[in-house]
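Observations on the three-dimensional arrangement
Okay, here's what each chain looks like letter by letter:
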Amino acid sequence: MKKFFTIIIFILFSTSSFSSSHHSHGHKKNKEMDHDYKIGKIEIEKPYTFFTPNGAKVSAGYMKIENESNKQDVLQSVSNVSFAEKVEIHEMTMENQVMKMRPLKKGLVIKADTEVYLKPSGYHIMFIGLKEQISKGKKYKATLNFKNAGSVDIFFKAVGRNYHPDKNHHKHH
Amino acid sequence: MITKHILLKRILPSILVTTVVLVFIGYNFANKKPNTAQQIQVNFNLEDMNGNQFNQKHLKQKPSLLFFGFTHCPDVCPASLQLLTNLIEDLGTDADKINYYFVTADPERDTAKVLKQYLSSFNQRILGITGKEDELKKLYNALDVYIQKVDLGKGNYTIDHTASFMVINKDAEKVGTMMHEGFSKFIVIDNYGKIQISKDDVIKNLKKLLL
Ligand SMILES: [Cu+2]
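Residues numbered from 1 in each chain as written. Chains lettered and ligands numbered in written order. Predicted model: local features only at pLDDT ≥ 70, side-chain atom pairs only at ≥ 80, totals over all residues. Heavy atoms only, no water.

Looking only at helices and strands, chain A has one helix and 11 strands in total. Beginning at the N terminus, the succession of helices and strands in chain A can be written as α-β-β-β-β-β-β-β-β-β-β-β. Burial analysis of chain A (173 residues in total) assigns 47% to the buried set. Accessible surface computed for chain A: about 8600 Å², of which carbon and sulfur atoms make up 53%. (Helix = DSSP H or I, 4+ residues; strand = E, 2+ residues; numbered from the N terminus. Buried < 20%, exposed > 50% of the residue type's maximum accessible area, 1.4 Å probe, protein only. Areas by Shrake-Rupley, 256 points an atom, 1.4 Å probe, with all protein chains shown as cover.)

Looking now at the coordination of the copper ion. All names here are of chain A. Only His90 (ND1), Met101 (SD), His124 (NE2) and Met126 (SD) from the protein reach the copper ion as donors, at distances of 2.0 to 2.4 Å. One can describe the donor arrangement at the copper ion as tetrahedral, given that its four donor atoms subtend angles of 104 to 115° at the metal. For His124, a relative accessible area of 0% puts it in the buried group. (Donors = N, O, S within 2.8 Å, 3.2 Å for Na, K, Ca; no water. Tetrahedral: all angles 85-135°; square planar, octahedral: opposite > 155°, others 65-115°.)

Glancing now at the packing of aromatic side chains. Taken as a whole, this structure holds 13 aromatic pairs over all chains when the rule is applied. Considering the side-chain rings of Tyr118(B) and Phe122(B), the 6.1 Å spacing of their centres and the 45° angle between planes classify their relative orientation as tilted. Joined through ring pairs, the aromatic side chains of Tyr48(A), Phe50(A), Tyr62(A) and Tyr163(A) make up one cluster. Above the plane of the ring of Tyr157(B) lies Arg109(B), whose end atom (NZ or CZ) is 3.9 Å from the centre. Over the ring of Tyr157(B) we find Lys149(B), and its NZ or CZ is 4.2 Å from the ring centre. (Phe/Tyr/Trp six-rings, centres within 6.5 Å; stacked < 30°, edge-to-face > 60°. Lys NZ or Arg CZ within 6 Å of the ring centre and 35° of its normal.)

Here we take up the environment of Lys116(B). Residues and elements named next belong to chain B. Topologically, Lys116 is positioned in helix α3 (residues 112–119). In sequence terms Lys116 and Met49 are 67 residues apart; their C-alpha atoms lie 5.5 Å from each other. Discounting chain neighbours no more than four positions away, the residues touching Lys116 are Met49 and Asn50. (Contact = heavy atoms within 4.5 Å.)

What follows is about the nonpolar core. As a rule of thumb, soluble globular proteins bury nonpolar side chains together. In terms of nonpolar packing, the biggest core is built from 60 residues, with Leu66(B), Phe68(B) and Leu139(B) touching the most fellow members. When residues in this core are grouped by element, the largest group, eight residues, is from helix α2 (residues 76–91) of chain B. When sequence neighbours within four positions are dropped, the list of residues in contact with Leu139(B) reads Phe44(B), Leu46(B), Phe54(B), Leu59(B), Leu66(B), Phe68(B) and Val103(B). Of all hydrophobic cores here, the second largest spans 28 residues; its members include Ile44(A), Leu75(A), Leu144(A) and Val152(A). (Core = buried A, V, L, I, M, F, W, Y, C linked by side-chain atoms within 4.5 Å.)

What follows deals with α3(B). Every buried residue of α3(B) is accounted for by Ala112(B), Leu115(B), Tyr118(B) and Leu119(B). Buried residues in α3(B), looked at end-on, bunch into an arc of 130°, giving them a common side. (Arc of directions from axis to C-beta.)

With that settled, the discussion passes to the pairing of strand β5 (residues 84–95) of chain A. Residues and elements named next belong to chain A. When β5 meets strand β9 (residues 124–130), the two strands line up antiparallel, connected through six bridges. Residue pairing in the sheet places Ala84 in a bridge with Leu130 of β9. Of the pairings in the sheet, the one linking β5 to strand β6 (residues 98–103) comprises six bridges and is antiparallel in character. Each residue of the ladder has a partner; that of Met94, found in β6, is Met99. Here β5 folds back onto β6 in antiparallel fashion, the turn holding two residues, of which Asn96 has a positive phi close to 45°. (Pairing = 2+ DSSP bridges.)

Residue and element names in this part refer to chain A. Under the counting rule described, the total for this entry stands at 14 salt bridges over all chains. Note that Lys38 and Glu43 form a salt bridge whose closest N and O atoms lie 3.9 Å from each other. Taking the relative accessible area as the measure of exposure, Glu43 reaches 3% and is therefore buried. With a closest N to O distance of 3.0 Å, Glu132 and Lys138 form a salt bridge. A network of salt bridges, in which partner residues are shared, links Lys38, Glu43 and Glu68. (Salt bridge = Lys/Arg side-chain N within 4 Å of Asp/Glu carboxyl O.)

So, on to α2(B). All names here are of chain B. The end-to-end C-alpha distance of α2 is 22 Å, a good match for the 22 Å that 16 residues give at a rise of 1.5 Å each. Counting buried positions over the 16 residues of α2 gives 14, a clear majority of the element. Two residues or fewer past α2, Gly92 is found with a positive phi of approximately 60°. (Expected span 1.5 Å × (residues − 1).)

This part is about the confidence of the model for chain B. Residues and elements named next belong to chain B. Taken over all residues, the pLDDT of chain B has a mean of 78, while the share at 70 or more is 72%. Scored below 50 in pLDDT, residues 6–35 shows 105 contacts in the model against residues more than four places distant or in partner chains. With pTM at 0.78, the complex prediction returns an ipTM value of 0.76. (pLDDT = per-residue confidence, 0-100.)

Attention now moves to unusual backbone geometry. Residue and element names in this part refer to chain A. In the Ramachandran plot, Asn80 falls in the positive-phi region, its phi being about 65° despite a non-glycine side chain. At Asn96, a residue that is not glycine, the phi angle is positive and equals roughly 45°. Among the secondary structure elements, Asn96 is positioned in the loop between β5 and β6.

So, on to the side chain of Ser64(B). Residues and elements named next belong to chain B. On the secondary structure map, Ser64 appears in strand β5 (residues 64–69). A relative accessible area of 0% means that Ser64 is categorised as buried. A polar atom in the side chain of Ser64 sits 3.5 Å from the backbone oxygen of Lys62. (Polar contact = N/O pair within 3.5 Å; in protein donor to acceptor, adjacent residues only side chain to side chain.)

Moving on to the environment of Ser121(B). Looking at the secondary structure, you find Ser121(B) in the loop between α3 and β7 (126–130). Taking the C-alpha atoms as reference points, Ser121(B) and Ile88(B), 33 residues apart in sequence, are found 14 Å from one another. Excluding anything up to four places from it in sequence, Ser121(B) contacts Pro53(A) and Asn54(A).

Structure (structure tokens):
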């Protein structure tokens, strides 16, 4: 918690200098920030996963997937994960305060010219049977297999629970 | 400098953009008349993560905040425990006046030992509760907590569960529920509708309700 406040205070003090530099970046493809991937017409932005509590057996991965093609594509599977026994694509819903999670057996559809967010309480890549704890400063490799675009290797960045990617990223530019 | 900017570029938007953290729903939920708190009258026999007994009497010692979840839950449960951890810190010296429980929805996998290890990552005031399924059901039902095991085949299962905190006063009456969707602002839903309030106001409301 102290760490959390330290981060907030740090951010508050740095906001002014940050704001100006933020808008001077002309394009989202900022090399020093590079955490994006591309395969065919599919673009993957900022894959991340949370540090796990002690002894956790499961974890989830999130990202934004953009389909720039005029045809729909499907994220059919995720493979090549060494840190978990099994990987599935899941959907989470909240109804009347009840959380429900289900595997998407046919994969995650990304319609033509749209973007899909994998995010907490929504779609996610579910890592089942963790072989190691997700911890700070590490990156976790996986291969995303798309029906049309093909396969692409990505790295999930391990982040704290207070992390949230900028949803309006594109709108700034 | 580069590292600092990476940190800022990623974390700042998250803090600024994230909305809705805590949804506070009044006790008129589910067609109950406002101001009619629901008293927990059932007797149950459970155990805490330290191997001590946990029963209805424990809910009458202090007001309580209870969350029902399971350690095989990828985000709602750990996020709620983190939020509770933050909340406990924000309550300051009043934190000791409330008891905090994480009650398992998955007694099959969440033994006392598993809960103790898992909860060591959060505020140490949060006490893990487990026990026999039948005994747990008494508590779920008493608080209108929905828990449903769902078979996913090949020996795998998940659990549909109510993802809100149960707010219990010191007379063991359920006086409200709260829900989170992030970590910055708060939303309160009461008889008059939805309002966005600050974290301080949530703390104030909790204190008013419970202390
Ligand atoms: Cu899942």
